[in-house]
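Secondary and tertiary structure notes
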Amino acid sequence: MPPFPAPPRPLTPADPNTRAPAMLLAAGRGERMRPLTDSCPKPLLSVYGKPLMQWHLEALQRGGTRQVVINTAWLENRIVQTFGDDFGLEPLLGKGEKLSKSESMQLRYSLEGRDFGGALETAGGICRALPQLFPVQGSLAPDVFWVLAADVYTPGFVFSQAAVTRFATSGQLAHLWLVPNPAHNPRGDFGLDTTTSLALNLPKDNPQPRYTYSTIGLYHRDLFAPPWCTIPPGNPQGVKAALAPLLRAAMDAGRVSAELYDGPWTDVGTPERLAQLNVP
């Protein structure tokens, strides 16, 4: 690998332009959720009467996010038809209230199914969406964006602008939220140095505790450029690429931070987990 690049240009702590766009990952087929996903995209499965993806959109809107790019593939027209181009949190407003255009959240779509016949995996999908994420309209933090998976239920998570500012001034390439290991992932994904708040790429035989990646993180676009990633912005060839190798390389260079999140969190990966969530 070439020499590590210099840290990205940080914002100053007083910089008011701390809003960041978000990328919502919604392209997967949901094989483990079959037969439910044979006719319904996984992000539209209902949790407490709302599409699973809507919980994230509401939380992003509450946190001040104004631009979201959603990548899609399987039954992608259903997702576009359900949410459209603007999201306004109408279910949370009082009767007769409406959000202004500036208060609502603009939704854009990266249609991987239409363009390439299927999902491009996480890093491939992010690279494909970069031209839609940047530049974006409004006062937004340059080069910093949220990434989250549409099939995780975490109703208490706060997408705060304070977190965006801290990350933008850190010089790191990613900041991950980790959760205690669920039963289906007992060995976890990454370690955490509680002294430095760095995420650790631990060998499998390392006795240090690992935690599970919540699928929520803040990212700097430099992670999706050389030397970390060789896919060009826009991913014109539709290269499929996983995110984990990029993260592990950046962890080895001390360029990924993390923190533990101990609020409610469920990877809605099977019909049984979905049914358990919906128990009154």
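Now for a look at the structure at hand.

1. Let's talk about the overall build of the protein
- Per the secondary structure count, the protein includes seven helices and 14 strands.
- Across the 280 residues that make up the protein, the buried fraction comes to 51%.
- Taking contacts inside the protein between residues at least 6 apart in sequence as the whole, the part at least 24 apart equals 78%.
- On the protein, roughly 12,800 Å² of surface is accessible, and the fraction owed to carbon and sulfur atoms is 54%.

2. Let's talk about the side chain of Thr 154
- Mapped onto the secondary structure, Thr 154 falls in the loop between β8 (152-153) and α5 (161-168).
- Here Thr 154 falls in the buried class, since its relative accessible area comes to 6%.
- Within the structure, Thr 154 has its side chain in polar contact with the backbone oxygen of Pro 264 (distance 3.1 Å).
- Once residues lying within four places of it in the same chain are set aside, the contact partners of Thr 154 are His 56, Ile 216, Tyr 261, Pro 264 and Trp 265.

3. Notes on the nonpolar core
- Ranked by size, the top nonpolar core spans 44 residues in total, and within it Met 53, Val 68 and Trp 146 carry the most contacts.
- For this core, the leading source of residues is helix α1 (residues 52-62), giving five residues.
- By size, the runner-up hydrophobic cluster in this structure holds 34 residues, among which are Leu 192, Tyr 219, Leu 223 and Trp 228.

4. Considerations on α1
- Among the eleven residues in α1, nine count as buried, and that is most of the element.
- For α1, the set of buried residues is Leu 52, Met 53, Gln 54, His 56, Leu 57, Glu 58, Ala 59, Leu 60 and Gln 61.
- After α1 finishes, the residue Gly 64 shows a positive phi value of roughly 100°.

5. Section: the environment of Ala 162
- Within the element layout of this structure, Ala 162 appears in helix α5.
- A relative accessible area of 43% places Ala 162 in the partly exposed class.
- Sequence separation of Ala 162 and Gly 63 is 99 residues, and the distance between their C-alpha atoms is 9.7 Å.

So, how was this worked out
- All residue numbers refer to positions counted from 1 along the written sequence of the respective chain.
- For a predicted model such as this one, the threshold for reporting local features is a pLDDT of at least 70, and the threshold for listing and counting side-chain atom pairs is 80 or more; totals across whole chains, interfaces and linings nevertheless cover every residue.
- Think of the side-chain values as coming from all heavy atoms in the structure, minus any hydrogens and water.
- Where helices and strands are cited, they refer to DSSP runs of H or I of at least four residues and of E of at least two residues respectively, numbered from the N terminus.
- Burial classes follow relative accessibility: with a 1.4 Å probe on protein chains only, a residue under 20% of its type's maximum area counts as buried, one over 50% as exposed, and anything between as partly exposed.
- Note on contacts: a residue pair is in contact if any heavy atoms of the two residues lie within 4.5 Å.
- Accessible surface is estimated by sampling points in the Shrake-Rupley manner with a 1.4 Å probe; for residues, cover comes only from the protein chains shown.
- Two N or O atoms form a polar contact when they lie within 3.5 Å of each other; inside protein one atom must be a possible hydrogen donor and the other a possible acceptor, and for residues adjacent in sequence the pair counts only when both atoms belong to side chains.
- Nonpolar cores are built from buried Ala, Val, Leu, Ile, Met, Phe, Trp, Tyr and Cys residues. Side-chain atoms within 4.5 Å join them into one set.

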